[in-house]
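Structural overview for review
If you want the building blocks of each chain, they are given just below.
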Amino acid sequence: MDGVVSLSVGTPDGAVEISRVPDADHRLTDEWAHTSRAAPPALLQPLVPVAGVVPLGELELIEALSAPDIVVADGRKPDQYAKYTIPGAVNLPFTDTDQALEHLGCRRGAEGWDCRDAARVALFCNGVWCGQSPSAIRKLVEAGFPPGRILYYRNGLQGWLLQGLSVWTPGKAESFHL
């Protein structure tokens, strides 16, 4: 993929468009302009949190949003997701591994989770300093999810917004720029 001007993605609310802010003077809102966070542990996260996981940039994540065999998942808490997220993302909170495994098509058996037929998943959270999606990734792999079926957008929502890309509030069909 050489570049994207805009892309329409499906959501439970209908199609939502992802586009870049056309205003050259646009700035991140205060909420996303902070370089440090009080929330522990606000530490820089590795590009590959578990061996075999595939890191993504913005274009690769946009490509994943268009792929019918990839679930793009926001690993943040439900209240964070409900405020706004990347258009087309579902919420698979890092705090609920069983919900994530079930949503991705894993089956619970007598000896644990069977994830042989599970969907691929692209996970993200708040940004390079956020440990929510890396925590989710480690929990998924510990439960038996194949690391090679996990894609990780480490830049998270902060990186997405830094690129001037639109976000979406679940329950509303329009996308917007912060």
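Notes on the structure follow. (Residues numbered from 1 in each chain as written. Predicted model: local features only at pLDDT ≥ 70, side-chain atom pairs only at ≥ 80, totals over all residues. Heavy atoms only, no water.)

Examining the sheet that holds strand β9 (residues 150-152)
How we decide: Note: two strands are recorded as paired if DSSP finds a minimum of 2 bridges between them. Runs of H or I in DSSP of at least four residues are treated as helices and runs of E of at least two as strands, each being numbered from the N terminus.
Reading across from one edge, β3-β9-β8-β4-β5 is the order of the five strands in this open sheet, with parallel pairing throughout. Whereas interior strands pair on both sides, the edge strands pair on one side only; in this sheet they are β3 (54-55) and β5 (90-91). The pairing of strand β4 (residues 70-74) with strand β8 (residues 120-124) spans five bridges and is parallel. By the bridge assignment for β8, D74 is matched with F124.

Description of the nonpolar core
What counts, and what does not: What is meant by a nonpolar core is a set of buried Ala, Val, Leu, Ile, Met, Phe, Trp, Tyr and Cys residues, joined one to another through side-chain atoms within 4.5 Å. Relative accessible area decides the class of each residue, using a 1.4 Å probe on protein chains only: under 20% of the type maximum gives buried, over 50% gives exposed, and in between gives partly exposed. The contact rule is simple, with two residues in contact once any of their heavy atoms fall within 4.5 Å.
Judged by nonpolar contacts, the single largest core of 27 residues is most densely connected at L61, V72, I86, A122, L157 and W160. Elements that contribute at least two residues to this core include exactly β1 (6-11), α2 (58-66), β4, β8 and α6 (156-162). If one sorts the elements of this core by residue count, α2 sits on top with four residues. The contacts of L157, once residues within four sequence positions are left out, are W32, R76, Y84, T85, I86, F124, C125, N126, G127 and V167.

Some thoughts on α2
Rule in force here: To obtain the arc, one takes the directions from the helix axis to the C-beta atoms.
Burial in α2 covers these residues: E58, L61, I62, A64 and L65. Looking straight down α2, one finds its buried side chains confined to an arc of 155°; they lie on one side. On its buried side, α2 packs onto β1, β2 (14-19), β4, β8 and α6.

Focus: the pairing of β2
Two elements, β1 and β2, share six bridges in a ladder whose sense is antiparallel. Directly across from S8, in β2, lies its bridge partner E17.

Concerning the pattern of salt bridges
Pairing between side chains of opposite charge can happen when their charged atoms approach one another. Short version of the rule: Any Lys or Arg side-chain nitrogen located within 4 Å of an Asp or Glu carboxyl oxygen qualifies as a salt bridge.
A complete count under the given rule lists six salt bridges for this structure. The salt bridge partner of D74 is R76, with a shortest N-O separation of 2.9 Å. You'll find D74 and R76 in the same group, each marked buried. Here D114 ties to R116 by a salt bridge, and the two come within 2.6 Å at their closest N and O atoms. Among the residues examined, R116 registers a relative accessible area of 67% and is labelled exposed. Each of the salt bridges in this network shares a partner with another, and the network as a whole consists of R107, D114, R116 and D117.

Some details on helix α5 (residues 132-143)
Here is the rule: To estimate how far a helix should reach, multiply one less than its number of residues by 1.5 Å.
The terminal C-alpha atoms of α5, which comprises twelve residues, lie 17 Å apart, in line with the 16 Å expected from a rise of 1.5 Å per residue. Among all positions in α5, only Q132, S133, P134, S135, A136, I137 and L140 are buried.

As for the side chain of S133
Assignment of secondary structure puts S133 in helix α5. Residues in contact with S133, not counting those within four places in the same chain, are L123, F124, C125 and Y152.

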